[in-house]
Amino acid sequence: MKSFLNFCLLVVAFSARAASNVRVTTVTSSTITVTWSVTESEGVTSYRVRVSQPNSGMFHETEVDDRSNGMTIEHLDPDTEYEIRVMAVKENGYQDLLRIITATTAPAAPSVQVTTVTSSSITVTWSVTESEGVIAYRVMVSNPRSGLFHENEVDVSAHETTVDQLDPDTEYEIRVMAVKEYGYQGVLGVITSTTAPVAPSVQVTTVTSSSITVTWSVTESEGVIAYRVMVSNPRSGLFHENEVDVSAHETTVDHLDPDTEYEIRVMAVKEYGYQGVLGVITSTTAPVAPSVQVTTVTSSSITVTWSVTESEGVIAYRVMVSNPRSGLFHENEVDVSAHETTVDHLDPDTEYEIRVMAVKEYGYQGVLGVITSTTAAQSLPDVRVTTVTSSSITVTWSVTESEGVTSYRVRVSEPNSGLFHQIEVDGGAHGTTIEHLEPDTEYELQVIPETLYRLLTPSEIMTVKTTQ
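The rules behind these values
Residues numbered from 1 in each chain as written. Predicted model: local features only at pLDDT ≥ 70, side-chain atom pairs only at ≥ 80, totals over all residues. Heavy atoms only, no water. Salt bridge = Lys/Arg side-chain N within 4 Å of Asp/Glu carboxyl O. Helix = DSSP H or I, 4+ residues; strand = E, 2+ residues; numbered from the N terminus. Buried < 20%, exposed > 50% of the residue type's maximum accessible area, 1.4 Å probe, protein only. pLDDT = per-residue confidence, 0-100. Contact = heavy atoms within 4.5 Å. Pairing = 2+ DSSP bridges. Axes fitted to C-alpha atoms, helices over the stretch in contact; angles between N-to-C directions. 1 Å grid on protein atoms, 1.4 Å probe; cavity = no way out; pocket = protein on both sides within 12 Å on 5 of 7 lines; lining within 4 Å. Points joined across faces, edges and corners; volume = space filled by probe spheres on them. Nonpolar A, V, L, I, M, F, W, Y, C, P; charged D, E, K, R; others polar.

Taking an unreviewed UniProt entry as the reference, the protein chain is identified by name as Fibronectin type-III domain-containing protein belonging to Littorina saxatilis.

Q: Would you take a moment to explain the pattern of salt bridges for this structure?
A: Oppositely charged side chains may form a pair once their charged atoms are brought near each other. Within the structure shown, the criterion is met by 16 salt bridges. Between Glu331 and Arg318 there is a salt bridge whose closest N-O contact spans 3.7 Å. Separated by 13 residues along the polypeptide, Glu331 in strand E25 (residues 329–335) and Arg318 in strand E24 (residues 314–322) bring together distant segments of the chain. Exposure remark for Glu331: the relative accessible area of 39% places this residue in the partly exposed category. You can call Arg318 buried: its relative accessible area is 17%. The residue Arg355 makes a salt bridge to Glu353 at a minimum N-O spacing of 3.4 Å. A relative accessible area of 27% means that Arg355 is categorised as partly exposed. Its relative accessible area of 25% is what places Glu353 among the partly exposed residues.

Q: Please explain the confidence of the model for the protein chain as it appears in this structure.
A: Caution is warranted with low-pLDDT regions, since their predicted coordinates should not be read in detail. Here the protein chain averages 80 in pLDDT, and 88% of its residues register 70 or above. Within the protein chain, helix H1 (residues 2–19) has the poorest average pLDDT of any element, 32, and strand E16 (residues 212–216) the best, 91. Under a pLDDT of 50 for its full length, residues 1–19 has, in the predicted model, 7 contacts with residues more than four places off or in other chains.

Q: Explanation requested: the sheet that holds strand E17 (residues 224–232) in the structure shown.
A: Backbone hydrogen bonds are what pair the strands of a sheet, in a parallel or an antiparallel way. Taken in spatial order, the 4 strands of this open sheet run E18-E17-E20-E21, and their pairing is antiparallel. Strand pairing shows two members of the sheet lacking a second neighbour, strand E18 (239–245) and strand E21 (275–284), which therefore form its edges. Strand after strand, the sheet turns through a mean of 20 degrees between neighbouring axes, direction not considered. Alignment of E17 against strand E20 (residues 261–270), held across 8 bridges, turns out to be antiparallel. Among the inter-strand pairings, Val231 is bridged to a residue of E20, identified as Ile264.

Q: Is there a simple way to think about the environment of Asp257 in this case?
A: Among the structural elements, Asp257 can be located in the loop between strand E19 (250–253) and E20. Spatially, the C-alpha atom of Asp257 lies 9.0 Å from that of Ala286, the residues being 29 residues apart in sequence. With near-sequence residues (within four places) excluded, Asp257 lies in contact with Ser209, Tyr262, Thr285, Tyr364 and Gly366.

Q: Would you explain the layout of surface pockets in this entry?
A: Here the idea is plain: a probe the size of a water molecule rolls over the atoms and shows the empty space left. The computed volume of the second largest pocket comes to approximately 210 Å³. What lines the second largest pocket is Gln53, Met58, Phe59, His60, His75, Asp77, Tyr82, Gly133, Lys180, Glu181, Tyr182 and Tyr184. Tallied by class, residues from the lining of the second largest pocket come to 5 nonpolar, 4 polar and 3 charged.

Q: What exactly am I supposed to notice about the pairing of E19 here?
A: Residues in a regular strand point their side chains to alternate faces of the sheet. In E19, alternate side chains face the same way, and those of Thr251 and Val253 are buried while those of Glu250 and Thr252 on the opposite face are not. Taken together, the 4 bridges between E16 and E19 define a ladder with antiparallel strand orientation. Directly across from Val214, in E19, lies its bridge partner Thr251.

Q: What's the story with the environment of Pro258 in this structure? I'm lost.
A: Looking at the secondary structure, you find Pro258 in the loop between E19 and E20. Note on Pro258: relative accessible area 18%, which makes it buried. Here the alpha-carbon distance between Pro258 and Thr285, two residues 27 residues apart in the chain, equals 5.3 Å.

Q: Is there a simple way to explain the sheet that holds E24 in this structure?
A: Pairing in this open sheet of 4 strands is antiparallel, and the strands run E25-E24-E27-E28 from one edge to the other. For this open sheet the edge positions go to E25 and strand E28 (365–374), each flanked by a neighbour on one side alone. Sheet twist, expressed as the average angle between the axes of neighbouring strands with direction ignored, equals 20 degrees. In this sheet, E25 lies alongside E24 in antiparallel orientation, the contact comprising 7 bridges. Paired with Ala316 across the two strands is Asp335, which belongs to E25.

The structure is reproduced here in structure tokens:
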């Protein structure tokens, strides 16, 4: 009896499993239809079908009555493998697994295409042969390099959209998604497209020694609220910037240095402060037209002149005369109406660097020119003794050039004694008398010119003897 019962149970279990003929009959890009046949369904009240996506943890589950022998699972992703479990639910709630099979949805039938490309926009279309459960479409255009993206949500009835405010000549990834119930997004297609190179032509129309005029033509200005022109000096890092009204396509950037290369960047300023680059070019300002020249040189001064054909923004001129060896410098600030100055109190027979600068607003100094000049050699005093007594010597001197000399030192020394007498004479005098000397004594005389800053080359030493 026991063996017969075991046999019956074995037959019932075997017949339930053998009777299940679970199979996939139809597959689309978003559905899978599964059918089964059961010849022995004792105790079965319904069937439960679970469709899960491997490795995702997500699943779809549907229950049908015991008279059904198949069903269609919807809202699936295209070209995706699913695991399908068909279970027989019995009166006591126990679920008997009939079979596990796998099936892959068909690739998405919609074809995503780019129809129009400009320098700042991409128009994308898609065709849909199946839209069941779709409530909207979402188009995301992203720049793989920057990570920035633009997103459009489109009504379910529309199959086209234009994404704008893009950068010119830039590759974008375009992703079209079908938004379904519960916010689920199925990807219809992913393609790439590159925006057109910028149509506007940025050109330099006028160049002076201190300014550059730049123009640009624009065939597309959607979303542009202004233009920004940045002129930068690559070597110094300094830059000048002009913001221009959206209706203007030209600007002049001034206060530039002469004979200097600049990088010019024209940007279209859009909403939210975004700046799209229209073009980048380089241009070099003209060499400075003014000619800096030295007109007069003495042993203690240099006169410099300059001619100026353009003085826009100049409020004064600054002339710096420096001694490269000593590091000392002399500086003159000159009124804007003057084009000449004399720098004095210089050393004789010395080379100087002369730098003429145009002082502009905000203290900015543009160099007009740099030249070198050497002061004249000093002329030695022609010293003569005119009168000698037993206690005094009268000496005179003549000089061919005494500019810058503030005084003379007359030194009288007694050889072999180490004693000396020194008299300081005003620079305008050309003679003096040394008194309180010993009679019948030989003396050495020397005249030394002196400027504000140093003693100049002394005269030759003369020997004179007082009378008895």
